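Here are the chains, one letter per residue:
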Amino acid sequence: MYVVNTSKDPSLGWTDFAQKLAAKSNRHFSDEELSLIKNAFEYASSAHEGQRRFSGEPYINHVADVAVDAASLELDAKTISAALLHDTVEDNVATMHDIKKKFGDEVAFLVKGVTKVDKLKYHGVERAAESMRRMFLAVAEDIRVVVLKLVDRLNNMKTLYALPQPEKQKRIASETLEIYAPLADRLGMGEIKNELEDLSFYYVYSKEYEWIKKEVDAKIPEREKYIKKIIPIVKKELGREKIRPIEIAARAKHYYSTWRKLLRYDMNWEKILDLVALRIIVANVEDCYAVLGAIHKLWRPMPGRIKDYIALPKPNGYQSLHTTVFCLDGQPTEFQIRTENMHREAEYGIAAHWFWDETGKSKTGAEFVGQKFSWVKQLQSWQKEFGKGESSEEFLESLKIDFFRDRIFVLTPKGDVVDLPEGSTPIDFAYHIHSEIGSRAFGAKINSKMSPLSAKLASGDVVEIITKKNKKPSSEWLNFVKTSQARNKIKHALGITQPSQKIDENAVELDIVVKNRVGVLKDITGALALFKINIDGVSSAADGNEFPLITVKFRVKNREQLERVKTRLKKIKGVQSVADKTKP
Ligand code: MN
């Protein structure tokens, strides 16, 4: 993404860059390390000489920003050097061979991992798929590759406004929303994830973004005022219990996650109980539970809303205690309680592990990552297993579903955590454990209760699979399994080898033209909720248009239900037409 320099704005020089770097990193770089970074800076400066970004900035400023962001995650000198060099090969101003010779194998490996595949050899979706494949192969070997990639993407998102083609903006933003933000999430890097989501949200669902922003910005000041009234009460009670909090602060929910939650709750704002939550950081785990007790002494907890992510961390490592209580004036209010370490991990995820650690490098390799994030290993073997005959579209599609959709975590009877996409069933669980267990599955117990093999699992469920010898998979399972891992294995066992059909036969995409009015989107999602339909996606494609087009993606039970849904939608005030975009 660059144009040729025509103006005379000065490019960033080494002295300024070195200063920025020192300001952002807590690491102390040796002379040797500094000279490596300096060489990389100088190499990149001359490689990108004359290039500008669409924003008009000299190109070197982009790679320098990425390097500084990497430094603020406490990454080491080699990774910072790779950040500086990360676009030189892609733009064909340098070769891998050259980088290797000048900067060594390790830097070259990192650069290669983040470089997109050749523009001339691959195009469009194929190029995206191939770049993903390459990145994931590198990730399993060294997690720094993906951290660099995320930092690079974040920087690109921040300057996306300057890209002149709206179509391209939208494509890059959707890719960010569907792959990079979930990837950051799975690495526990909450801060980057939130930033990526909110930046993409604006381009992918602009109408909804504007709406949410307006609503949230109107609601937040009042909520913050309310929370500020609570803080002294909490402090007093904690003082009585002799607990010394390190920090008590309000945190506002981000736009995109607010919107996602609204979609799940029929656009009902009343259900969003954590729009502003109170976050309490304490010294140790005992204090976390003591704070929880103190809060429950003050206010009555809401049933079913106490979540102990300390005893049972999320698969991405997230730890915290959450509770919602009927607070002042009976208002439901969420509290999040954690230690400083947990907090750092929630914001920086994988990066928190080398945060204060001088031996950062040893913690980035395959073994550590595999222990910490078993899904990285899964991802690699899944990728190998994924049929070579499948198209790039299918590869990317399954990647999004199997790895990056909303996740749940369930437990084996022994207490091992298994990480699955939302909507998974005991069959998905069984195949995840072992293909033999999947194929021989005969029944399932969820929380010790016999349950159908098609039951939808929820986080925290303990799942036990009952197997029977000589049992064979049933083709009916294909109607409800969620993961492509299970799907492929069932098909294989049944001897179904024809090219796979669209992943979900009941997936529907409707184009709805509406006369623009406040609340029309809510009415549409509300109508779908009446049929107990979960919406997979909503987008609207017109800015300030009197008759915007709203596209809704969801799944139906059968065609009959679809017809009824369509009839119902047509009755909504302002709806002009409802067209089925789904291919037969
Ligand atoms: Mn870049």
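Below is a short write-up of the structure.

Cut-off values and rules
- Residues numbered from 1 in each chain as written.
- Predicted model: local features only at pLDDT ≥ 70, side-chain atom pairs only at ≥ 80, totals over all residues.
- Heavy atoms only, no water.
- Helix = DSSP H or I, 4+ residues; strand = E, 2+ residues; numbered from the N terminus.
- Buried < 20%, exposed > 50% of the residue type's maximum accessible area, 1.4 Å probe, protein only.
- Contact = heavy atoms within 4.5 Å.
- Pairing = 2+ DSSP bridges.
- Axes fitted to C-alpha atoms, helices over the stretch in contact; angles between N-to-C directions.
- Phe/Tyr/Trp six-rings, centres within 6.5 Å; stacked < 30°, edge-to-face > 60°.
- Donors = N, O, S within 2.8 Å, 3.2 Å for Na, K, Ca; no water.
- Salt bridge = Lys/Arg side-chain N within 4 Å of Asp/Glu carboxyl O.

Thoughts on the environment of G349
Its place among the elements puts G349 in the loop between α13 (340–348) and α14 (366–372). According to the relative accessible area criterion, G349 is buried, its value standing at 0%. Setting aside anything within four residues of it in sequence, one finds G349 in contact with L187, G188, M189 and R344.

Notes on the sheet that holds strand β17 (residues 575–580)
Here four strands make up an open sheet; going across it, the order is β15-β16-β14-β17 and the pairing antiparallel. The open sheet terminates on both sides in strands that have one partner only, identified here as β15 (535–540) and β17. Within the sheet, the average angular offset between the axes of one strand and its neighbour, ignoring direction, is 20 degrees. Pairing geometry for β15 and strand β16 (residues 549–555), over five bridges, is antiparallel.

Topic: the pairing of strand β11 (residues 441–446)
Successive residues of a regular strand alternate their side chains across the two faces of the sheet. Bridging between β11 and strand β13 (residues 463–467) involves five bridges; their strand directions are antiparallel. Among the inter-strand pairings, K445 is bridged to a residue of β13, identified as E464. Bridge analysis of β11 against strand β12 (residues 449–451) gives three bridges, and the strand direction is antiparallel. Paired with K445 across the strands is M450, a residue of β12.

So, the packing of aromatic side chains
Per the stated rule, a full pass over the model turns up 16 aromatic pairs. Taking 5.4 Å as the distance between ring centres and 80 degrees as the angle between the ring planes, the aromatic pair formed by F201 and Y209 counts as edge-to-face. Across the pair, Y209 and F201 agree in class, each one buried. These aromatic residues form a ring-pair network of at least three members: F201, Y202, Y203, Y205, Y209, Y255, Y256 and W259.

Examining the coordination of the manganese ion
Bound to the manganese ion are the protein donor atoms H62 (NE2), H86 (NE2), D87 (OD) and D152 (OD), situated 2.2 to 2.4 Å from the metal. Counting gaps between the donor residues of the manganese ion yields the pattern H-x23-H-D-x64-D. Pair noted here: H62 is in helix α3 (residues 59–72) and D87 is in the loop between α4 (77–85) and α5 (96–114), with a separation of 25 residues, a long-range link. Taking the relative accessible area as the measure of exposure, H62 reaches 1% and is therefore buried.

Here we look at the pattern of salt bridges
Overall, the coordinates contain 18 salt bridges when judged by the stated rule. Note that E241 is salt-bridged to K297, the shortest N-O span being 2.5 Å. Of this pair, E241 sits in the loop between α10 (206–240) and β3 (247–252) while K297 sits in helix α12 (residues 285–298), and the two are 56 residues apart along the sequence. Taking relative accessible area as the criterion, E241 reaches 34% and is therefore assigned partly exposed. For K297, a relative accessible area of 59% translates into the label exposed.

Things to note about unusual backbone geometry
The backbone of D329 shows a phi angle near 55 degrees, a positive value even though the residue is not glycine. Considering the arrangement of structural elements, one finds D329 in the loop between β7 (321–326) and β8 (332–339). On the basis of relative accessibility, which here comes to 68%, the residue D329 falls in the exposed class.

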